[in-house]
Every structure is written in structure tokens, then in C-alpha cells.
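# Breakdown of the fold
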Amino acid sequence: MDSHLRWTSHLLRAYYGLGVRHVILSPGSRSTPLTLAAAIHDGFIKKVVIDERSAAFMALGIGKATGIPALLICTSGTAAANYMPAVTEAKESGVPIIVLTADRPPHLRGIGSSQTVDQLKYFGDQAVFFHEAGEPVFKQADLRRLAYLAKQSLEAAVEKGGAAHVNMPFRKPLEPIPGEIESEQEINGRQISGSTAPVAPVAKRTLHLSSEISGLINNSQKPLVIAGPSNLHHVPGKQLRELAEKINAPVIAEPGSAISIPPKFSITRYEQFLRSSDNLNKLEPDLIIRFGDQPFTKSLLTAFERWNNDHIPVIHFKSREAAQDHSMSVSHTVFCSPIDVVELPAQGQSNQKSSEWLESWQTEDRSARNTLLEVLRENNTLTDGHIFSHFSSRDYGNWNVMLSNSFIPRDMALFGRSSENQFVNRGAAGIDGIISTAVGIHESTQRRTLCITGDIAFLHDSNALLSVRDPDLPFVILVINNGGGTIFRMLPVYQYEKYYTPYFETPQQFDIEHFAAAHGMKYKLIDSPESLESFNVSESDGAWIIECKTDPDASMKMRRKLWNT
Ligand SMILES: Cc1ncc(C[n+]2csc(CCOP(=O)(O)OP(=O)(O)O)c2C)c(N)n1
Ligand SMILES: [Mg+2]
């Protein structure tokens with residue numbers, strides 16, 4: 001006799017064989033066969049997370065950091081609906097996830113049975129793949145189809161970039177028959193000790209650029225390289241560096257671009273000096289070479305609009321299909337993955353001219369840096385700007401840094417700098433699931449992790465704190481508590497005083513120290529430039545919440561001063 005456990009174990013072994021290692025489970029009854037299959041396979045790293053919304057963002061973090069999808073397992077009903085925000089972000093930012101939802105069998109659907117909803121294509125077009133697995137059938141063809149389903153869903157998640165959804169109906173009894181746990185466990189044990197293939201290795205390709213693109217690169221006197229947000233496993237960082245070096249191009253890499261740029265080419269203060277229309281004219285490139293997704297900083301968005309009017313050619317080295325061209329200015333596209341070798345055209349123009357161009361950017365960058373340091377020094381209240389400047393001037397090279405949305409990634413650009421180990425959720429730019437994403441990144445990379453979040457985003461995802469338990473390597477949440485969603489001050493609605501504060505900024509008075517205590521986390525308050533100066537994140541161990549109480553008015557004033565607005 002067979003039970004559901006043989007079916008689900010067969011599926012999970014297929015995923016394991018393809019290189020999947022993480023499973024995030026949420027408790028429920030209908031998912032018993034899936035839960036037990038994961039529980040009895042020692043090769044999987046398992047995490048049980050009560051809140052499915054948080055669970056799904058953890059899977060997002062794992063996919064983001066490793067390029068290999070985690071399995072999400074939940075019961076029937078509204079459980080899967082809680083996956084939707086992360087499923088949406090996964091599609092928008094091209095991150096693989098595999099969702100396994102348990103369901104009632106068809107004869108119990110549509111007649112008011114408890115916890116039964118229509119789960120077919122539940123995520124609509126937000127998922128990149130859907131398959132209704134059907135009830136377990138142990139014929140050879142059915143078992144082969146199930147293993148093939150693992151391959152098919154994994155390939156869809158990785159190659160299309162997003163969540164693959166497999167719906168799995170089970171009828172009662174849901175528990176295994178006697179002896180079955182042991183027999184499946186034995187097969188699992190054999191699988192773990194045997195060799196397993198990693199996620200499909202892709203062969204190296206040499207990219208020969210078209211003569212038109214080579215010509216543009218060769219003839220350019222003023223090339224500018226811009227890197228938008230990207231995932232570690234997507235970004236052709238080495239190719240970008242080789243290109244920049246070859247053509248002596250200034251490089252602007254946004255926070256979350258996941259690329260390290262040699263200091264000689266790196267332009268860091270663009271959010272400050274590129275907002276001036278004089279500089280936009282003076283520094284107009286004759287060629288823009290883009291990497292990664294759509295940039296999000298205001299200076300770059302404005303620059304694209306402005307330079308687009310002069311029909312500056314834009315070459316986009318993209319590593320995934322999605323349309324990422326807000327200014328509709330990309331004129332040439334090159335598909336390039338991190339393992340591709342780009343055959344760059346031989347240098348055509350004199351180096352003299354190109355280095356003048358680079359130097360003109362470096363001059364602006366230096367001068368802006370001096371202004372920034374001055375502005376930071378002359379402020380004696382703690383501002384949001386101080387935080388980013390502080391963390392960017394310290395070496396946290398071996399830490400992951402997850403940046404929330406709202407002002408956080410923009411302030412990292414304005415006051416700090418981008419680095420290879422920064423992560424963002426810029427696909428749908430939600431303030432949801434930020435801490436959970438950081439937990440997924442932390443656990444799948446086994447590296448120290450700092451999550452920088454605003455106060456509202458922190459409260460939005462406070463359920464994630466349930467999953468932060470005595471980590472071996474430090475996990476630090478830094479809450480910039482500026483008393484609400486202060487980014488809305490940028491909008492015209494800020495003038496509607498009566499409505500602005502209660503409906504938009506939503507100042508909050510929660511005692512964050514109590515959140516830390518309730519979740520067994522250590523807590524520290526930073527409320528002055530001096531207390532910030534004496535804080536060294538690399539001395540943290542275990543789980544921490546660092547609350548930085550900043551002055552929202554002084555923070556806004558400082559930004560405006562740097563933007564010159
Ligand atoms: C899920 C979701 N809900 C609402 C928003 C709209 N939103 C954008 S920023 C923001 C406020 C964020 O406040 P906080 O985290 O304190 O950051 P700050 O604005 O102070 O930098 C909100 C609610 C969003 N982006 N995502
Ligand atoms: Mg805030």
C-alpha cells in the first residue's frame with residue numbers, strides 16, 4: 001500500500017536532486033504529506049514560520065542571495081494568499097521561488113467545504129508557472145511526471161525569474177501508513193549520501209557584439225556606465241568592470257546593484273551633484289551603457305529624461321527578460337549573463353580624451369563629497385543622513401546589508417555608497433517583508449547580516465521577529481525611527497496639513513525596546529551623533545535591534561541642502 005508520503009517524498013527528492021536545499025513550512029493539516037516529506041529528509045534545511053507572508057519573503061531572500069529557489073509549503077485556504085506579496089516581488093525582480101500548496105481534492109471543491117478556496121492559478125500572472133499536480137497515483141507514468149514537474153517548475157522559476165506554483169490535492173487520511181516513514185527515510189538517506197547535481201550548470205558563452213554596438217562603444221568619447229538594482233546571481237559584474245576599464249568610463253552603481261566598482265571609476269555622490277541642470281548639461285554622455293534593472297534614484301531618472309531629449313544611445317546589458325526601461329530610451333540590447341565572456345571591441349580612440357571625461361566626473365564627485373562631509377559635521381542632531389554615512393565609512397565588507405524601501409535606499413545613495421553585498425526589494429518597491437527577506441538572506445548565505453529599515457516598514461514586518469532566534473552569526477536590525485513614513489514629505493500632499501500627518505506620515509509611538517524584549521533580542525538606542533560614532537556594528541553578536549532615533553525635520557533639511565532645492 002502507498003500513502004501520500006511516498007508521492008510527496010518522490011517530489012521532494014526530485015527537487016533535492018536538482019540542488020534545492022531550503023524548505024520554509026507553515027503549519028497546517030492538509031499539507032501534512034508535504035510537511036512530513038520535508039521533515040524526514042535530512043538533506044533539507046527546514047524552517048517553520050507561522051505567518052505565510054513572512055515565510056514567502058524568507059524564500060524570496062533565499063532565492064535572491066543564492067539564485068536557487070526555496071520550497072514554500074502551506075495548507076489550503078487563505079494560507080497561500082499570504083504568499084502573494086512575495087510572489088509579486090519575485091516576478092518583478094526576477095527571483096526564483098517554488099510554492100507547493102496543499103488543497104482539497106476536486107470532489108470537495110466548490111461545495112462549501114471548510115478551508116477550501118479556488119487555488120487553481122491562484123497567483124494569476126504573478127506566478128511564472130502553474131501546474132495542478134492531481135491526486136497521488138503510483139503508476140510509473142505518474143511518478144515520472146511528478147519528477148518531471150520538479151524540473152519543469154524549477155527551470156521556470158530560475159529561467160523566467162519568479163515563483164512557480166504547484167497545487168497538490170490530498171484526500172484523507174493525510175498521515176503515512178505504518179513503516180512508511182522509515183522506508184522513505186531510508187531512500188532519502190541514500191540520496192543524501194550519493195552525489196547530487198547542482199542546479200543546472202549553464203555553459204559559458206562568448207558574446208560577440210554586433211558591429212553597430214561595437215562601433216558605438218569604440219567611437220564614444222564620453223561613455224557613462226549605470227548599474228541599476230540586480231540580484232547577485234544575475235549581475236554580470238566582471239563584464240561591467242572590464243568594460244569600464246577598457247573605455248575609461250565613470251560608473252554609477254545604485255544601492256542594490258550588487259556590483260563592486262574599482263574606486264577609480266566609481267562615482268558615488270551623483271544623487272547630490274547630478275540634480276543640477278548645469279551639471280546635467282556639462283556631464284552629458286555620448287553613450288550610456290546600462291546594467292541591471294531600472295534605476296530608481298531621482299537624479300538618474302531625471303538624467304535619463306533629460307538626455308533622452310538629445311537621443312543619446314543607450315545600450316542595455318540585460319540578464320533577464322523583463323522590460324526595465326522607464327524612460328523608454330534603450331536603443332540597443334545585449335543579453336548577458338554573469339558567466340558570459342564579452343568580446344570587447346579593440347580600443348579605437350585616444351586615451352587622453354577619455355581620461356579627461358572621467359576626470360570631469362571625478363572632480364564633481366570630490367567636490368560633492370567635501371560638501372557632504374561639511375553638512376554632516378555642522379549638524380549636531382542625529383539625522384537619517386548620519387546613519388548611512390556612518391555605515392558606509394566603516395568596512396562591513398563581510399556583512400550582507402538588506403535595505404528597506406522608502407527613503408532607505410535613496411539615502412544610501414545620497415549619504416552612503418553602494419556595495420556588492422547590498423540587497424533591495426526594488427521589483428515592486430513594497431515596504432512589506434523587508435526583515436523576512438533579510439532573514440532568508442542571512443540563513444542561506446551564512447553571513448553576518450544587517451537589515452536597515454524605516455520605522456513603518458519595521459512595524460509592517462514585525463512578525464519576522466518570530467523567526468529570529470539565537471543566530472550563530474549576528475543578525476542586526478537597524479531601525480531608523482524618524483517617527484513615521486517621512487518620504488511622503490516629498491509629495492505635494494504634504495501641504496494639506498490637516499490630512500497629511502494622520503493619513504500619510506502616520507507617526508507612531510511604539511516602544512521598539514519592548515518588541516526586542518518580547519522576541520528575546522538585544523536592544524540598543526542610538527539618539528545622538530556621538531552615540532552613533534561610538535557604535536561598531538561588527539562587535540555585535542547574536543540578534544539585535546538597534547533603534548536610531550533621528551530628527552525628521554533636520555533630516556529633510558539636510559537632504560534639501562544637498563539636492564540644492
Ligand atoms: C506594502 C506597501 N504598503 C504601502 C506602501 C507605501 N509606502 C511607501 S513608503 C511608506 C512609508 C515608509 O515609512 P518608513 O519605513 O518609516 O520609511 P521613511 O519614509 O521614514 O523613510 C509607505 C507606507 C508601500 N510601498 N508598500
Ligand atoms: Mg520612517
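Not measured: the values here are computed from a predicted model. (Residues numbered from 1 in each chain as written. Chains lettered and ligands numbered in written order. Predicted model: local features only at pLDDT ≥ 70, side-chain atom pairs only at ≥ 80, totals over all residues. Heavy atoms only, no water.)

## A short note on the overall build of the protein chain
- What the protein chain contains, in helices and strands, is 20 helices and 19 strands.
- Taken over C-alpha atoms, the radius of gyration comes to 25 Å for the protein chain, in line with the 24 Å a tight globule of 565 residues would show.
- When the 565 residues of the protein chain are sorted by exposure, 56% land in the buried category.
- Sequence-distant contacts, at least 24 apart, represent 79% of the contacts inside the protein chain between residues at least 6 apart.
- If the 55 positive side-chain charges of the protein chain are averaged to one point and the 62 negative ones to another, these points end up 3 Å apart. (Helix = DSSP H or I, 4+ residues; strand = E, 2+ residues; numbered from the N terminus. Rg over C-alpha atoms; globule rule 2.2 N^0.38 Å. Buried < 20%, exposed > 50% of the residue type's maximum accessible area, 1.4 Å probe, protein only. Contact = heavy atoms within 4.5 Å. Lys, Arg positive; Asp, Glu negative; His and termini not counted. Charge placed at Lys NZ, Arg CZ, Asp CG, Glu CD.)

## Structural notes on the packing of helix 13 (residues 384–393) against helix 14 (residues 407–415)
- Taken N-terminus to C-terminus, the directions of helix 13 and helix 14 make an angle of 65 degrees; their axes are 9 Å apart at the nearest point. For the pair helix 13 and helix 14, the sense of crossing is right-handed. Each of Asp384, Gly385, Phe388, Ser389 and Ser392 in helix 13 lies in contact with helix 14, whose residues at this interface are Ile408, Asp411, Met412 and Phe415. (Axes fitted to C-alpha atoms, helices over the stretch in contact; angles between N-to-C directions. Left-handed = near helix turned anticlockwise from the far one by under 90°.)

## Some remarks on the coordination of the magnesium ion (ligand 2)
- The protein atoms donating to the magnesium ion (ligand 2) are Asp455 (OD), Asn482 (OD1) and Gly484 (O), with metal-donor distances spanning 2.0 to 2.1 Å.
- Look at where the donors of the magnesium ion (ligand 2) fall in the sequence and you get D-x26-N-x1-G. Of this pair, Asp455 sits in helix 16 (residues 455–460) while Gly484 is found in the loop between strand 17 (475–481) and helix 17 (497–505), placing the two residues 29 residues apart along the sequence.
- Among the residues examined, Asp455 registers a relative accessible area of 1% and is labelled buried.
- Classification of Gly484 by relative accessible area gives buried; the value is 4%. (Donors = N, O, S within 2.8 Å, 3.2 Å for Na, K, Ca; no water.)

## Structural notes on the confidence of the model for the protein chain
- Across the protein chain, the average pLDDT comes to 95, with 96% of residues at 70 or higher.
- Every residue in residues 349–353 scores below 50 in pLDDT, and together they form five contacts with partners more than four places removed in sequence or on other chains. (pLDDT = per-residue confidence, 0-100.)

## Notes on the pairing of strand 3 (residues 71–74)
- Where burial is concerned, the two faces of strand 3 agree: the one with Leu71 and Ile73 and the one with Leu72 and Cys74 are both buried.
- Pairing analysis gives four bridges linking strand 3 to strand 4 (residues 97–103), with the strands arranged parallel. Following the sheet pairing, Leu72 is matched in strand 4 by Val99. (Pairing = 2+ DSSP bridges.)

## Considering the packing of helix 1 (residues 4–17) against helix 2 (residues 32–39)
- Where helix 1 meets helix 2, the closest approach of the two axes is 8 Å, and the angle between their N-to-C directions is 55 degrees. Here helix 2 runs oblique to helix 1, going by the angle between their axes. You can see that helix 1 and helix 2 cross each other, and the crossing is right-handed. In this structure, helix 1 uses His4, Leu5, Thr8, Ser9 and Leu12 to contact helix 2, whose residues at the interface are Pro33, Leu34, Leu36, Ala37 and Ala38. (Parallel < 35°, antiparallel > 145°, perpendicular 65-115°, else oblique.)

## Observations regarding the nonpolar core
- Core analysis: the largest hydrophobic core is formed by 47 residues, its most contacted members being Leu72, Phe458, Ile477 and Ile545.
- Looking at this core, the element that brings in the most residues is helix 3 (residues 52–66), giving eight residues.
- Not counting chain neighbours up to four residues away, the residues in contact with Phe458 comprise Ile435, Thr453, Leu465, Ile477, Val479, Ile512, Phe515 and Ile545. (Core = buried A, V, L, I, M, F, W, Y, C linked by side-chain atoms within 4.5 Å.)

## Thoughts on the site of ligand 1
- Every one of the 16 residues lining ligand 1 counts as a neighbour, but Ser406, Asp455, Ala457, Gly484 and Thr486 are closest to it.
- Take Ser406: an N or O atom from its side chain is 2.6 Å from an oxygen atom of ligand 1.
- Contact distances for ligand 1 include 3.0 Å between an oxygen atom and a backbone N or O atom of Ile487.
- Relative to its unbound accessible surface of 590 Å², ligand 1 loses 76% to contact with the protein.
- Among the elements that take part in the shell around ligand 1, helix 16 stands out by supplying three residues, more than any other.
- Class assignment for the residues of the shell around ligand 1 results in seven nonpolar, seven polar and two charged. (Near = heavy atom within 4 Å. Polar contact = N/O pair within 3.5 Å; in protein donor to acceptor, adjacent residues only side chain to side chain. Areas by Shrake-Rupley, 256 points an atom, 1.4 Å probe, with all protein chains shown as cover. Nonpolar A, V, L, I, M, F, W, Y, C, P; charged D, E, K, R; others polar.)

## Here's the deal with the state of the cysteines
- Under the defined criterion, the tally for this structure stands at zero disulfides.
- Between Cys451, a free cysteine, and Cys548, which holds the nearest cysteine sulfur, the sulfur-to-sulfur gap is 12 Å.
- You can call Cys451 buried: its relative accessible area is 0%.
- Given a relative accessible area of 0%, Cys548 falls into the buried group. (Disulfide = S-S within 2.5 Å.)

## A word on the pattern of salt bridges
- Evaluated as defined, the whole model comprises 21 salt bridges.
- The partner of Glu184 in a salt bridge is Arg13, with the nearest N and O atoms 3.0 Å apart. With a gap of 171 residues between them, Glu184 in helix 6 (residues 180–193) and Arg13 in helix 1 connect regions that are remote in the sequence.
- What makes Glu184 buried here is its relative accessible area of 4%.
- Residue classification places Arg13 among the buried residues on the basis of a relative accessible area of 12%.
- Several salt bridges converge on common partners, so that one network encompasses Asp103, Arg109 and Glu132. (Salt bridge = Lys/Arg side-chain N within 4 Å of Asp/Glu carboxyl O.)

## Let's talk about the sheet that holds strand 5 (residues 127–132)
- Pairing is parallel across the open sheet formed by six strands, whose spatial order is 2-1-3-4-6-5. Single-partner strands in this sheet number two, and they are strand 2 (45–48) and strand 5. Recorded for the sheet is a direction-independent mean angle of 20 degrees between the axes of neighbouring strands.
- Against the sheet, helix 1 contacts strand 3, strand 4 and strand 6 (163–169), and its axis sits at roughly 175 degrees relative to strand 4.

## Looking at the packing of aromatic side chains
- Applying the stated criterion across every chain yields a total of 13 aromatic pairs.
- Relative to Tyr500, the ring of Tyr494 has its centre 4.8 Å away and its plane inclined at 70 degrees; by these criteria the two rings are edge-to-face.
- One aromatic cluster is present, built from ring pairs that chain together Phe488, Tyr494, Tyr500 and Phe504.
- The ring of Tyr16 is capped by Arg21, whose NZ or CZ atom sits 3.7 Å from the centre of that ring.
- Lying across the ring of Phe407, Arg559 places its NZ or CZ 3.6 Å from the centre. (Phe/Tyr/Trp six-rings, centres within 6.5 Å; stacked < 30°, edge-to-face > 60°. Lys NZ or Arg CZ within 6 Å of the ring centre and 35° of its normal.)

## What to know about a nonpolar patch on the surface
- Residues Phe488, Met490, Leu491, Tyr496, Tyr499, Tyr503 and Phe504 make up a contiguous nonpolar surface patch of roughly 710 Å² in combined accessible area.
- By the element assignment, Phe504 lies in helix 17. (Patch = residues over 30% accessible without salt bridge, like charges linked within 9 Å, V, L, I, M, F, W, Y side chains within 5 Å.)

## Considering the environment of Gly237
- Take Gly237: it is sitting in helix 8 (residues 237–247).
- As for Gly237 and Ser467, which are separated by 230 residues in sequence, their C-alpha atoms are 33 Å apart.

## Quick notes on helix 3
- Relative to the 21 Å expected for 15 residues at 1.5 Å per residue, helix 3 spans 21 Å between its end C-alpha atoms, a close match to the ideal helical length.
- For helix 3, the buried fraction is high: 13 of the 15 residues fall into the buried class.
- Among the residues of helix 3, the N-terminal cap falls to Asp51, whose side-chain oxygen and the backbone nitrogen of Arg53 are separated by 2.9 Å.
- Just downstream of helix 3, Gly67 is the residue with a positive phi angle, here 80 degrees. (Expected span 1.5 Å × (residues − 1).)

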